[in-house]
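# Structure assessment
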Amino acid sequence: MRSQIDYIKKNYFLYLLIAPAVILTIIFKYVPMYGAIIAFKDFSPMKGIAGSDWVGLKHFKDFLTSPNFVPILMNTIKLSLFGLILGFPVPIILALMLNQLRRAAIKKNIQLVLYAPNFISVVVIVGMTFIFLSPNGPINHIVTSITGEPIMFMSDPGYFRTVYILSGIWQAAGWSSIIYVAALANVDPELHNAATIDGANLLQRIIHIDLPTLKPLMAITLILGAGGIMAIGFEKAYLMQTAMNLPTSEIIPTYVYKQGLQAGDYAYSSAIGLFDSVINVILLVVVNVVVKKLNEGEGLY
């Protein structure tokens, strides 16, 4: 204990540097946790959190037994899981392809094009999606010239997940590849030269040199992605929702928004949000354990 106090005194300036971040985290992340108690109460704004009647797990039972539970849960899992499966390898492939470019000017220009969509607002992305996939849009212009009829991409429930996932991959894949490109930059070129002399082709060099370098990053990214399966973004799904595609576009975050802010049922929506968070934590722990077993003991923690 004495040695810890001496260490803090000796390095007090470092603690002062991180103090603002710690204070902000406590204020905006931990203090609001007190509000989660309304998930167990019959919350009334007039009575306040402390004065509202305690109802225990009533709101959780109402959600788990409601007819909306299974469709909303499955929509959330499918949208997030398919997005993870289809989107996880794309940044890795992009990084491997960029790593093969030897001309710095060309590489920088391509990276600029790949990174640019990440800086476009979600609202703009959704607006572009509606324009391109509208019945009179350029995509349907091609489809109509071939089939004679346009496809209702934004109103047909069967197309919602495909449009959502592909547009998300297009927007985020380039930016997500940055960490992989940075990791590949640390690979000793002599390893590739030696492998080439030994007769290894490009694919063999990628498999035996580049991929092992990326393996720890891939494990961490997979853990975080799998742990956030239930924490799918609200904004994009809500903006892409229409009355026609609601059977596949209604997910837990949009349902929480409608029940809480639109319907004013704060306690019920808080219970749903808390249920969502608990599932995320469980998934994070389980996936981390599995990855550690498959990755020689290396995981998130």
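In what follows, the accompanying structure is described. In this text, all values refer to a predicted model and were calculated from it rather than measured experimentally. (Residues numbered from 1 in each chain as written. Predicted model: local features only at pLDDT ≥ 70, side-chain atom pairs only at ≥ 80, totals over all residues. Heavy atoms only, no water.)

Moving on: the overall build of the protein chain. The number of helices and strands found in the protein chain is 17 helices and two strands. A compact globule built from 301 residues would reach a C-alpha radius of gyration of about 19 Å, whereas the protein chain, at 24 Å, exceeds it by more than 25%. Considering only contacts in the protein chain between residues 6 or more positions apart, those separated by 24 or more positions represent 63%. Summed over its atoms, the accessible surface of the protein chain is roughly 18200 Å², and 70% of this surface lies on carbon and sulfur atoms. With 20 positive and 16 negative side-chain charges, the protein chain shows a separation of 6 Å between the mean positions of the two kinds. (Helix = DSSP H or I, 4+ residues; strand = E, 2+ residues; numbered from the N terminus. Rg over C-alpha atoms; globule rule 2.2 N^0.38 Å. Contact = heavy atoms within 4.5 Å. Areas by Shrake-Rupley, 256 points an atom, 1.4 Å probe, with all protein chains shown as cover. Lys, Arg positive; Asp, Glu negative; His and termini not counted. Charge placed at Lys NZ, Arg CZ, Asp CG, Glu CD.)

Among the nonpolar cores identified, the biggest contains 20 residues, and Ile 92, Leu 96, Tyr 180, Leu 184 and Leu 214 are the most heavily contacted of them. Elements with a minimum of two residues in this core: α6 (89-99), α11 (178-184), α13 (202-227) and α17 (266-294). Other than its neighbours up to four places away in sequence, Leu 184 contacts Ala 95, Leu 96, Asn 99, Asp 210 and Leu 214. Membership of the second largest hydrophobic core comes to 16 residues, among which are Leu 94, Val 163, Met 240 and Ile 251. (Core = buried A, V, L, I, M, F, W, Y, C linked by side-chain atoms within 4.5 Å. Buried < 20%, exposed > 50% of the residue type's maximum accessible area, 1.4 Å probe, protein only.)

Centre distance and the angle of the planes are the two values used to describe a pair of aromatic rings. Counted according to the given criterion, the structure contains 16 aromatic pairs. Considering the side-chain rings of Phe 119 and Trp 175, the 5.1 Å spacing of their centres and the 80° angle between planes classify their relative orientation as edge-to-face. Linking Phe 119 in the loop between α7 (104-115) and α8 (122-133) with Trp 175 in helix α10 (residues 157-176), this pair joins segments that are 56 residues apart in sequence. Taken together, the ring pairs in this structure connect Phe 63, Phe 69, Tyr 255, Tyr 268 and Phe 275 into an aromatic cluster. Positioned above the aromatic ring of Tyr 164, the side-chain terminus of Lys 236 is 4.7 Å from the ring centre. (Phe/Tyr/Trp six-rings, centres within 6.5 Å; stacked < 30°, edge-to-face > 60°. Lys NZ or Arg CZ within 6 Å of the ring centre and 35° of its normal.)

Moving on, we get to helix α16 (residues 252-262). For α16, the complete set of buried residues consists of Ile 252, Pro 253, Thr 254, Tyr 255, Lys 258, Gln 259 and Gly 260. Immediately downstream of α16, the backbone of Gly 264 shows phi near 75°, a positive value.

Here we take up the packing of α6 against α7. Two numbers describe how α6 lies on α7: the axes approach to 11 Å, and their chain directions differ by 160°. Between α6 and α7, the interaxial angle falls into the category roughly antiparallel. The handedness of the crossing between α6 and α7 is right-handed. Across from Leu 94, Leu 98 and Asn 99 in α6, the residues of α7 making contact are Lys 107, Ile 110, Gln 111 and Leu 114. Grouping the constituent residues of the contact of α6 with α7 by class yields four nonpolar, two polar and one charged. (Axes fitted to C-alpha atoms, helices over the stretch in contact; angles between N-to-C directions. Parallel < 35°, antiparallel > 145°, perpendicular 65-115°, else oblique. Left-handed = near helix turned anticlockwise from the far one by under 90°. Nonpolar A, V, L, I, M, F, W, Y, C, P; charged D, E, K, R; others polar.)

Using the criterion set out here, one finds three salt bridges in the structure. A salt bridge links Asp 53 to Lys 47, with the nearest nitrogen and oxygen atoms 3.7 Å apart. The salt bridge partner of Lys 258 is Glu 250, with a shortest N-O separation of 3.2 Å. Note on Lys 258: relative accessible area 19%, which makes it buried. (Salt bridge = Lys/Arg side-chain N within 4 Å of Asp/Glu carboxyl O.)

The next subject is the packing of helix α5 (residues 69-87) against α10. At a minimum axis distance of 10 Å, the contact between α5 and α10 shows a crossing angle of 40°. Classed by the angle they form, the pair α5 and α10 counts as oblique. Like other packed secondary-structure pairs, α5 and α10 cross with a definite hand, here right-handed. Across the interface between the two elements, Asn 75, Lys 78, Leu 79, Phe 82, Gly 83, Leu 86 and Gly 87 from α5 touch Phe 160, Arg 161, Tyr 164, Ile 165 and Ile 169 from α10. Of the residues contributing to the contact of α5 with α10, the split by class is seven nonpolar, three polar and two charged.

This part takes up the environment of Ala 226. Structurally, the position occupied by Ala 226 is in helix α13. Its relative accessible area of 7% is what places Ala 226 among the buried residues. Through-space distance from the C-alpha of Ala 226 to that of Ile 207 is 24 Å; in sequence the pair is 19 residues apart.

For the rest of this paragraph, the subject is the environment of Val 281. On the secondary structure map, Val 281 appears in helix α17. We classify Val 281 as exposed; its relative accessible area is 52%. Separated by 51 residues in the primary sequence, Val 281 and Met 230 have C-alpha atoms spaced 9.6 Å apart.

Note that Ser 80 resides in helix α5. Setting aside its immediate chain neighbours within four residues, Ser 80 contacts Gly 228, Ile 229 and Ile 232.

Below, the discussion takes up the side chain of Asp 210. Assignment of secondary structure puts Asp 210 in helix α13. Buried and unpaired, Asp 210 has no salt bridge, with Arg 205 as the nearest side chain of opposite charge at 6.9 Å. Setting aside its immediate chain neighbours within four residues, Asp 210 contacts Leu 96, Asn 99, Gln 100, Leu 184, Val 187, His 192 and Arg 205.

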